[in-house]
Amino acid sequence: MKQKETLSTTPLKEQHIDLSNLLIEEMGDEHKASSVETPLRADAFDKTDEEKIAAIAPHFKAIMEILGMDLRDDSLRGTPLRVAKMYVKELFQGLNPANMPSMTLFENKFQYNEMLVEKNINFYTNCEHHFVPFFGKAHVAYISSGKVIGLSKLNRLVEYFSKRPQVQERLTMQIGKALQTVLQTQDVAVMMDAKHLCVSSRGVKDDSSNTITSFFGGKFQEEKKKMEFLKYVDINE
Ligand SMILES: [Zn+2]
């Protein structure tokens, strides 16, 4: 926690990183082939947010009507537009690279060369197979290669990739790979521990199980660093 205080109170030379350019450059022509990428149509962003909201609302209204609901009821009338806005402006706004958080890097002037762990980052996302939430804690770590990042940016990055229809494996890898790109190091670890409503509230109705996924890059593939990270995270806490 000492690191956190030092970071926020010392004026440092800033370096702004445009994550969207970095990621697209890195993935290059293999953009589509990469299993880490969210499958998107070529025309994904031809429509504005407002056009998408206007187009989604009647479809959601149709689903409700087919289910037998009477949309003339006061309580239901506003739901189609409300859901459409929520999808585009909130739950799935991370589909659009224009909404990527800006990443600011600092020189690692303190010569802090051990791992930095940001644990218990809350995240909420939606399963792309059922469009119901899964949520839990993300734990991320990196070892500086000479650059450090504002701690809140780690939360913002987790949030950004969560605001998409997701599968937990892909979400974990997208965060890990984005951090590697931003921080210019392979030495990144991510662990996500989540509850899936598609498992607990329907289907097998198991509400005691959690799903854990991990990403270990660079030095975190070494047993010693991996164990140190897992010890800090201690997901049974
Ligand atoms: Zn599901």
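What you see is a predicted model, and the numbers here were worked out from it, not measured in a lab. (Residues numbered from 1 in each chain as written. Predicted model: local features only at pLDDT ≥ 70, side-chain atom pairs only at ≥ 80, totals over all residues. Heavy atoms only, no water.)

S.K.: An account of the coordination of the zinc ion is needed here, citing residue identities and associated values.
M.R.: At this site the zinc ion is bound by Cys-127 (SG), His-130 (ND1) and Cys-198 (SG), with donor distances of 2.1 to 2.2 Å. Counting along the primary sequence, the residues that act as donors to the zinc ion give the motif C-x2-H-x67-C. In this structure His-130 comes out as partly exposed when scored by relative accessible area, which is 37%. (Donors = N, O, S within 2.8 Å, 3.2 Å for Na, K, Ca; no water. Buried < 20%, exposed > 50% of the residue type's maximum accessible area, 1.4 Å probe, protein only.)

S.K.: Can you explain helix H6 (residues 151-162)? Please cite residues and give values.
M.R.: The end-to-end C-alpha distance of H6, which contains 12 residues, comes to 18 Å, matching closely the 16 Å that a straight helix rising 1.5 Å per residue would cover. Leu-151, Lys-153, Leu-154, Leu-157, Val-158, Tyr-160, Phe-161 and Ser-162 are the residues of H6 that are buried. (Helix = DSSP H or I, 4+ residues; strand = E, 2+ residues; numbered from the N terminus. Expected span 1.5 Å × (residues − 1).)

S.K.: Please provide a residue-by-residue account of helix H5 (residues 79-91), values included.
M.R.: With 13 residues, H5 extends only 15 Å from end C-alpha to end C-alpha; this falls clearly short of the ideal 18 Å at 1.5 Å per step. Within H5, burial applies to Thr-79, Pro-80, Val-83, Ala-84, Tyr-87 and Val-88. Those residues of H5 that are buried are in contact with helix H3 (49-66) and helix H4 (74-77). (Contact = heavy atoms within 4.5 Å.)

S.K.: Before we move on, could you go through the environment of His-59 and cite the residues and values that matter?
M.R.: Inspection of the secondary structure assignment puts His-59 in helix H3. By relative accessible area, which is 58% here, His-59 ends up exposed. Separated by 21 residues in sequence, His-59 and Pro-80 have C-alpha atoms that sit 8.0 Å apart.

S.K.: Now, about the pairing of strand S7 (residues 188-196): what can you tell me, with residues and values included?
M.R.: Put simply, side chains in a regular strand alternate between the two faces of the sheet. Counted residue by residue, S7 has 8 buried out of 9 residues, so it is predominantly covered. In this structure, S7 lies alongside strand S8 (residues 211-216), joined through 6 bridges in antiparallel fashion. The partner of Ala-189 across the bridge, within S8, is Phe-216. (Pairing = 2+ DSSP bridges.)

S.K.: Account for the packing of aromatic side chains, naming residues and giving values.
M.R.: Tallied over the entire structure, the rule returns 8 aromatic pairs. Here the aromatic rings of Tyr-87 and Phe-92 are separated by 5.0 Å at their centres, their planes lie at 55 degrees, and the arrangement is tilted. Like Tyr-87, the residue Phe-92 is buried in the burial classification. Aromatic pair Phe-220 and Phe-229: ring centres 6.0 Å apart, planes at 75 degrees, arrangement edge-to-face. Per residue, the accessibility class of Phe-220 equals that of Phe-229, and both read buried. If you follow Lys-226 out to its NZ or CZ, it ends over the ring of Phe-216, 4.8 Å from the centre. (Phe/Tyr/Trp six-rings, centres within 6.5 Å; stacked < 30°, edge-to-face > 60°. Lys NZ or Arg CZ within 6 Å of the ring centre and 35° of its normal.)

S.K.: An account of the sheet that holds S7 is needed here, citing residue identities and associated values.
M.R.: The sheet built from 5 strands is open, its strands ordered S6-S3-S4-S7-S8 with mixed pairing. Edge positions in the open sheet fall to strand S6 (165-166) and S8, since each of these has one partner strand only. Bridging between strand S3 (residues 115-127) and S6 involves 2 bridges; their strand directions are parallel. Bridged to Asn-126 within S6 is Pro-165. H6 rests against S3, strand S4 (133-143), S6 and S7 of the sheet, and its axis sits at about 25 degrees to S3. (Axes fitted to C-alpha atoms, helices over the stretch in contact; angles between N-to-C directions.)

S.K.: Talk me through the packing of H6 against helix H7 (residues 168-183); I want residue IDs and the actual numbers.
M.R.: For the pair H6 and H7, interaxial distance at closest approach is 10 Å and the crossing angle is 135 degrees. As the angle between them shows, H6 and H7 are arranged oblique. The handedness of the crossing between H6 and H7 comes out as right-handed. Of the residues in H7, those touching H6 at Leu-154, Leu-157, Val-158, Phe-161 and Ser-162 are Leu-171, Gln-174, Ile-175, Ala-178 and Leu-179. (Parallel < 35°, antiparallel > 145°, perpendicular 65-115°, else oblique. Left-handed = near helix turned anticlockwise from the far one by under 90°.)

These figures capture arrangement, not role.
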